[in-house]
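# Chain and residue survey
Here's the letter readout for the chains.
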Amino acid sequence: MRKSSQDVTVVALLADPDAPTEIAQRMARVLPARLAEKSGRDRRFDVEVVSEPFTAGTEDLPTLARRIVDRRRAGHWAIVVALTDLPLHAHGHKLVVELSHEHGWALLSLPSLGGLRFRRRALRAVEETVLSLASQRAAGVGKDQRHRPLGRFVSRLAPIHQGPVGEEEMADLRYVVSGPGGYLRVLGGMVRANQPWRLLPGLSKALAAALASGAIATVNSTLWSLSEALSTPRLVIAMAGSVVLMIGWLIVDAHLWHRSTDPSPEERKRTSLYNASTIVTVGIGVLVCYAGLLVINLVWALFILNDRVFASTTRTPLHAGDYWTLSWFVASIATVGGALGSGFESEKAIRAAAYSRREQERRRMLDGDGDGDYR
């Protein structure tokens, strides 16, 4: 292991490409000072970031453990913490982190940290993990001895708890999440990794169709009368219907829905989690698009509507609320037009907008398009 005479512990952050690598690089700027301050033994830490697709082609924990151990030996690191944005499972539970004090490695599944205060939670999880591995390896603790629980990142209010570890496994300490709270936590982390706001620029043709539909609808005098007659509940129903239609069309047209061929209960749970993340990711992206259309249509209505023409058509004077009502109704119509326009987008473009790069690779592997090789 690379450890200098000045008692410098070399820590490697082995990160999957894309988001995990970005997170690891941010951590590496502050982690050495935080570790040195909290170790309390005049120990220094040298943190390296290694970006490699160590999860390529598999989500099997024993396989990942062997890859991490082999990479640690090849790199001659004292400690290695592997970071991935794929949700991992262990004995029917969703994995947060697992450690091997005997072999000096840890594996952290980032989605299990949730979508809120994510970077802070990730930093604390890695910090506690490294301190646990460093202190107990220095004390000569083996796998057959008890290890102190990890610290602050395990909140009393969070659904994180220690999970079972088999005798044949390399890990000796594992934290998992379970229950509805754990499900929502992992789902939030997966949606955050997908970055649903990227859907807006990724659907250029659909947005062009929606904007054109909205511009034409705004000057349609029949829609002026309809918007005047619609109540707020009906406007809400129109909005919900158009958004659901857009979500469903995108998922069906781009084949984003995953169907597993494995009938096992664990695989069914995993498939439902991935599909739920797809619905939420696309849903957030569509809602962002809807809000943008609403604002643009409102600006267009303020510019184009004439109070005398409006009053002669609807038999009622043009009030400030009429701009909002018409823009709201037109946004729903434009969203339906956008759904039709999304048919001109390629399936690859929609997938790239809806998923992170690692999630795209995972789905290609499940569909049989990936070779599953690990470099």
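Residues numbered from 1 in each chain as written. Predicted model: local features only at pLDDT ≥ 70, side-chain atom pairs only at ≥ 80, totals over all residues. Heavy atoms only, no water.

## Notes on the pairing of strand S6 (residues 105–109)
Counted residue by residue, S6 has 5 buried out of 5 residues, so it is predominantly covered. Of the two faces of S6, the one carrying Trp105, Leu107 and Ser109 and the one carrying Ala106 and Leu108 are both buried. As judged from the 5 bridges shared by strand S3 (residues 79–84) and S6, these two strands associate in the parallel manner. Looking across to S6, one finds that Thr84 is bridged to Ser109. Relative to S6, strand S5 (residues 93–100) is paired through 4 bridges, and the arrangement is antiparallel. Along S6, the bridge assignment pairs Glu98 with Leu107. A loop of 4 residues connects S5 with S6, the two strands running antiparallel in sequence, and Gly104 in this loop sits at a positive phi of about 75 degrees. (Buried < 20%, exposed > 50% of the residue type's maximum accessible area, 1.4 Å probe, protein only. Helix = DSSP H or I, 4+ residues; strand = E, 2+ residues; numbered from the N terminus. Pairing = 2+ DSSP bridges.)

## Observations regarding helix H6 (residues 204–218)
Helix length check: H6, at 15 residues, gives a terminal C-alpha distance of 21 Å against a target of 21 Å (1.5 Å per residue), a fit within 8%. Within H6, the full set of buried residues consists of Ala206, Leu207, Ala210, Gly214, Ala217 and Thr218. Projected onto a plane normal to the axis of H6, the buried residues spread over an arc of 95 degrees and lie on a single side. (Expected span 1.5 Å × (residues − 1). Arc of directions from axis to C-beta.)

## Focus on the packing of H6 against helix H9 (residues 265–304)
Between H6 and H9, whose axes approach to 10 Å, the crossing angle comes to 35 degrees. Considering how the two elements wind past one another, H6 and H9 form a crossing that is right-handed. Together, Leu207, Ala210, Leu211, Gly214, Ala215 and Thr218 of H6 and Cys289, Leu293, Ile296, Asn297, Trp300, Ala301 and Ile304 of H9 make up the contact between the two elements. Looking at the contact of H6 with H9, its residues break down into 10 nonpolar, 3 polar and no charged. (Axes fitted to C-alpha atoms, helices over the stretch in contact; angles between N-to-C directions. Left-handed = near helix turned anticlockwise from the far one by under 90°. Contact = heavy atoms within 4.5 Å. Nonpolar A, V, L, I, M, F, W, Y, C, P; charged D, E, K, R; others polar.)

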